[in-house]
Amino acid sequence: MNEKYDPAAVESAAQAAWRAADAYRVTEDQNKPKFYACSMLPYPSGKLHMGHVRNYTINDMLTRQLRMKGFNVLMPMGWDAFGLPAENAALKNAVPPEKWTRENIAYMKTQMQAMGLAVDWSREVATCDPEYYKWNQWLFLKMLEAGIAERRTQVVNWDPVDMTVLANEQVIDGRGWRSGAVVEKREIPGYYLNIVQYADELLGAVANPEDPNYLAGWPERVRLMQENWIGKSEGVRFAFTHDIQDAAGALIGDGRMYVFTTRADTIMGVTFCAVAPEHPLAAHAAASHPALAAFIAECAQGGTTEAELATQEKKGMATGLFVTHPLTGAQVEVWVGNYVLMSYGDGAVMGVPAHDERDFAFAKKYGIAIKQVVKAGDEVFSLDAWADWYGDKQRAVCVNSGALDGLPYKEAVSKVAELLAARGLGEKKTTWRLRDWGISRQRYWGTPIPIIHCDDCGAVPVPAKDLPVVLPIDCVPDGSGNPLKKRTDFLNVACPCCGKPAQRETDTMDTFVDSSWYFMRYCDAQNSEQMVAGGTDYWMPMDQYIGGIEHAILHLLYARFWTKVMRDLKLVKVNEPFTKLLTQGMVLNHIYSRRTDKGGIEYFWPHEVENVFDAGGKIVGAQLKEAKGDLPAGTAIDYQGVGTMSKSKNNGVDPQDLINQHGADTARLFVMFASPPEQTLEWNDSGVEGAHRFIKRVWGFAAKNEAVLKAATAGDFSQAELRGDARTLRRELHLALRQVSHDYERMQYNTVVSGCMKVLNALEGFKSDGSDGDRAVLCEGVSLLLRMLYPACPHITWSLWSELGFAARQGDLLDAPWPAVDEAALVQDELELVLQVNGKTRGSIKVPAGADKATIEATAAASAEVARFAEGKPPKKIIVVPGRLVNVVV
Ligand SMILES: [Zn+2]
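Keep in mind it's a predicted model, so treat the numbers as computed, not measured.

A. Here's a closer look at the pattern of salt bridges. The tally for this structure, following the rule as stated, stands at 49 salt bridges. For arginine 441, the salt bridge goes to aspartate 510, with nearest N and O atoms at 3.1 Å. Taken together, the residues span a long stretch of sequence, with arginine 441 in strand E20 (residues 440–441) and aspartate 510 in the loop between strand E25 (508–509) and helix H14 (511–514) at a distance of 69 residues. By relative accessible area, aspartate 510 is classed as buried at 6%. The partner of aspartate 456 in a salt bridge is lysine 500, and the shortest N-O contact between them spans 2.1 Å. Here aspartate 456 is found in the loop between strand E21 (451–454) and strand E22 (458–461), whereas its partner lysine 500 is found in the loop between strand E23 (492–494) and strand E24 (501–504), with 44 residues between them in sequence. Classification of aspartate 456 as exposed rests on a relative accessible area of 51%. We classify lysine 500 as partly exposed; its relative accessible area is 44%. Each of Glu201, Arg560, Lys564, Arg567, Asp568 and Glu576 takes part in salt bridges that share partners, so that together they form one network.

B. Spatial organisation of the sheet that holds strand E5 (residues 149–159). Here four strands make up an open sheet; going across it, the order is E6-E5-E9-E19 and the pairing antiparallel. Unpaired on one side and paired on the other, strand E6 (164–166) and strand E19 (437–438) mark the two borders of the sheet. Here E5 runs beside E6; their pairing, made up of three bridges, is antiparallel. Bridge pairing links asparagine 157 to leucine 166 in E6.

C. Structural context of the coordination of the zinc ion. Surrounding the zinc ion are the protein donor atoms Cys454 (SG), Cys457 (SG), Cys495 (SG) and Cys498 (SG), at 2.2 to 2.3 Å. Sequence spacing among the residues donating to the zinc ion works out to C-x2-C-x37-C-x2-C. On the criterion of sequence distance, the pair formed by cysteine 454 in strand E21 and cysteine 498 in the loop between E23 and E24 is long-range, its members being 44 residues apart. By relative accessible area, which is 6% here, cysteine 454 ends up buried. The exposure class of cysteine 498 is partly exposed, given its relative accessible area of 36%.

D. Spatial organisation of the sheet that holds E22. Read across the sheet, four strands follow the order E22-E21-E24-E23 without closing on themselves; strand pairing throughout is antiparallel. In this open sheet, the two strands that pair with only one neighbour each are E22 and E23. Along the sheet, successive strands turn relative to each other by an average axial angle of 45°, direction set aside.

E. Expanded view of the environment of tyrosine 538. Examined against the element boundaries, tyrosine 538 turns out to sit in helix H16 (residues 534–539). Expressed as a C-alpha distance, the spacing of tyrosine 538 and isoleucine 439, which sit 99 residues apart in the sequence, is 30 Å. Discounting chain neighbours no more than four positions away, the residues touching tyrosine 538 are Thr27, Glu28, Asp29, Gln30, Lys32, Lys34 and Asn72.

F. Focus on the domain arrangement of the chain. What the domain assignment reports for the chain is domain 1 (32–126 + 199–230 + 517–584), domain 2 (143–194 + 437–511), domain 3 (232–432), domain 4 (587–655), domain 5 (673–826) and domain 6 (830–889). Between domain 3 and domain 5, the C-alpha centre-to-centre distance is 68 Å.

G. Representation of the layout of surface pockets. A volume near 1,300 Å³ is recorded for the second largest pocket. Every residue lining the second largest pocket is counted, 41 residues in all, and those nearest its centre are Ser233, Phe260, Tyr344, Val349 and Arg358. Considering every element that reaches the lining of the second largest pocket, the biggest residue donor is strand E18 (residues 426–432), with four residues. Taken together, the residues of the lining of the second largest pocket break down into 15 nonpolar, 13 polar and 13 charged.

H. Region of interest: empty space enclosed by the protein. The full count for this structure, using the stated rule, is two cavities of 30 Å³ or more. Considering only enclosed or pocket space, the largest cavity measures out at about 160 Å³ in volume. If you go around the largest cavity, you meet 19 residues; those closest to its centre are Glu87, Gln170, Arg443, Gly479 and Gly481. For the lining of the largest cavity, the elements supplying multiple residues, two or more each, are helix H3 (84–93) and E6. A total of three residues in the lining of the largest cavity trace back to one element, the largest contributor, which is H3.

I. Here's a closer look at the UniProt feature "domain: Aminoacyl-tRNA synthetase class Ia" (unreviewed entry) in the chain. The positions UniProt marks with the feature "domain: Aminoacyl-tRNA synthetase class Ia" (unreviewed entry) are residues 638–682. Along residues 638–682 one finds 40% helix and 20% strand; the C-alpha atoms at either end are 18 Å apart.

J. Inspection of helix H12 (residues 409–422) at higher detail. In this model, H12 (14 residues) spans 20 Å end to end at C-alpha, consistent with the 20 Å of a helix rising 1.5 Å per residue. Where H12 is buried, its residues meet strand E10 (232–241), strand E17 (397–398) and E18. Remark: glycine 424 follows H12 within two positions and exhibits a positive phi of approximately 70°.

K. Highlighting the packing of aromatic side chains. In this structure the tally under the stated criterion is 39 aromatic pairs. Relative to tyrosine 390, the ring of phenylalanine 381 has its centre 4.3 Å away and its plane inclined at 35°; by these criteria the two rings are tilted. Accessibility expressed as a relative area gives 2% for tyrosine 390, which makes it buried. Look at tryptophan 437 and tryptophan 562: their rings are 6.3 Å apart centre to centre, the planes differ by 65°, and that puts the pair in the edge-to-face class. Placement of tryptophan 437 in strand E19 and of tryptophan 562 in helix H17 (residues 554–568) is noted, with a sequence separation of 125 residues between them.

Parameters at a glance
- Throughout, a residue's number is its position along its own chain's written sequence, starting from 1.
- Reporting in this predicted model follows two pLDDT cut-offs: at least 70 for local features of residues, and 80 or more for side-chain atom pairs to be given and counted; totals over whole chains, interfaces and linings ignore these cut-offs and use all residues.
- Water and hydrogen atoms play no part in the side-chain values, which are based on all heavy atoms of the structure.
- Salt bridges are counted wherever a side-chain nitrogen of Lys or Arg sits within 4 Å of a carboxyl oxygen of Asp or Glu.
- Here a helix means four or more residues in a row that DSSP labels H or I, a strand means two or more in a row labelled E, and each is numbered from the N terminus.
- Summary of the burial criterion: residues with accessible area below 20% of their type's maximum are buried, those above 50% are exposed, and those between are partly exposed, where the area comes from a 1.4 Å probe applied to protein chains only.
- For two strands to pair, DSSP has to find at least two bridges joining them.
- Note on donors: an N, O or S atom is included if it sits within 2.8 Å of the metal, or within 3.2 Å for Na, K and Ca, and water is never included, so sites can look incomplete.
- Lines fitted to C-alpha atoms define the axes, with helix axes restricted to the stretch in contact, and inter-axis angles between N-to-C directions lie between 0 and 180 degrees.
- Note on contacts: a residue pair is in contact if any heavy atoms of the two residues lie within 4.5 Å.
- Just so you know, the domain bounds were taken from an automatic or database domain assignment.
- The method works on a 1 Å grid over the protein atoms by themselves. A cavity is a set of points holding a 1.4 Å probe that cannot get out, a pocket is an open set with protein on both sides within 12 Å along at least five of seven lines, and residues with an atom within 4 Å of a point line them.
- Grid points are joined across faces, edges and corners, and a volume is the space filled by probe spheres set on the points.
- Residue polarity is assigned by list, with Asp, Glu, Lys and Arg as charged and Ala, Val, Leu, Ile, Met, Phe, Trp, Tyr, Cys and Pro as nonpolar; anything else, Gly included, falls into the polar class.
- UniProt positions are given in the numbering used here, feature names are shortened, and annotations may be inferred rather than shown by experiment.
- The span you would expect from a helix comes to 1.5 Å times its residue count less one.
- In summary, the pairing rule links any two rings of Phe, Tyr or Trp, Trp by its six-membered ring, whose centres are within 6.5 Å, and it sorts them by plane angle into stacked for under 30 degrees, edge-to-face for over 60 and tilted for everything else.

So, in structure tokens, the structure goes:
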């Protein structure tokens, strides 16, 4: 073998052999336990970044180690290929999104292959393949039939200059990203999936440990995020009555304005009500109130997302209309509030300023009365400022509330519900924060919604036999709306019902649809007849899913919902798609910048600067290593701390550069060693160098001992006949193996790597006497090291395993059995005990393992330390704590 480690040669040879053997193709083998390990599919943005490298290496280590343990492991890969960035790139470069996307996929696939991932590429899926999105369309039609999908009106962002609908991320500070025009809200028809129907089931598996589908294998924080997003509220829905009539003389809302509250116990504290700008009472009042009409128009220009509503300033205007309090009969003024959503509940809320922080601020701003109706212990209520206890329902007891006085929260809510029910004005109700899923996007690069619009028949589903509705791939978006609207060859079609000329729907599906079930398609990727089949029965549920925390809510929730729909349509048998979830931490790097003379910010690459530390070793700044432009070497540079890798901040590291320079094994080893998978990883060039040096040492050790290793046979010795040093080495090896095996189970791959480093240290430190026993133990040690390190660094280990003859003796490394800990090797020949003299630690003594008390006492008494303190006198007393210490009193 080569003396020198040549990563490029080693890696290309290993990859070529794996490719030739089709080494990672798996089938549904019923004779082995299955394990399905999957990374969230990437968006083909152009090239891999370090976050990808980290995610896929975690998955690859899991896959390779479990295969050695006898599992049938599936690790597939695919592409989340539809979406807005491809349209934006198309706009910028005047190429069709399809071309841009396919080129990126091709390049990123070569990068993944260069990483040496154990992907079964025969199952590759790109969501822009008609063979894939056909099933989006097919299932959508099934959902329409089942009443799970339906057509409703939706509010969208409308750019009045570009005459196009904008995605939320295309609205910047309330203006269109291209035109700069003030964005309007418009109501247009679209399709919704009724995810709220599944809210209880979706909640149970994340919130209730008693639930049979409880996701115990998910991070606590993700379960909590989902629980909050689903947002179950149990409260009371009730009506304020009124006699406000519309222009035609009919009572608006039958004379009832409904609200929902989780704090019905504070009902006696209502001093105003607020309705959404789109509420019928608001519209009625605005007809004779120009200032209110202007305010409502202003509200219509805000964002449509909940996040935008949560951050915008709370504003309101009185309508001059009054409704009647259902319990007291008092007249309560109705306000229009920009924070009230028409799509939530009934579009109206009661205002209790004394016990709701938002209402408190609103009442202070507009001079509305504040009435305390709840107390908590001896706390003193003040109108001056909000205090947290005002809103604390756990400690709340009703006051100033007539029949409710003295009741705590729960009892008061029940009493209020009872009183309202007796008047026929309200009842207890459960509501959800979760909204139904609007899937219509007025965009080109997505799955066409399979609907045909006929003047006579309305919205007609495309017959299943005509699927897929294929998206034309040669459109180039020009920023002026959906290009499908101009594609007459796509647009014009005969109505499937009556045969008259009709037009196809031009909306496409939200790309979250694509990612809601791709992991099931991997299981039956080649099936042209069915969406999913036997492969899904075999592989699902997925055993381990790996992805970023940014997908903790929407993607995972939609995938869970979609799986449940497929179950109810009898397509799959599982209730939950992902048994275990790992959210890998982000990859961060240091950020260095400097204010330019013109007041701008200039960023510097980490390799261009050297850090300046304070006395405690903390980075407090940096300076230029060499002159750059007009800046001389030594110029002071500001240190900004660490942040996510980004092109604009000059702190990204291109995985390809790293692979080219040091090889994939080094890149893999570094990202695994630098930090536990779930924590953030701070980039560190010297850590990369360290990883590379370790790999070179492994190679060097193997090359130095090549002859011995090739001749010897691992395990060909008798433990009892080994000399002491060899026994000590074996004990170190098997202790490390025990730790590493445990860390693989926990997916703590950083300590797997440190365990491998311990093993190499032990092997390098071993002075062989050339005996058969020593040679066999050395050989065993290398065989253990190669197998422990293989999942992290598959190329070098695979190469050495073959070169050194292990493959010939124990089979190919990919399927070599995971080594078992030899308990006999762990038995210690000698025990080390702490030595104390008069209760103070003075060193240690060594005794044979299994030595009796008398032997230990004699050894301690004879030690140099005891002799020093006893000054020739015999010890007064010796106390032995078995296995730990011996204390000699002199
Ligand atoms: Zn028709």
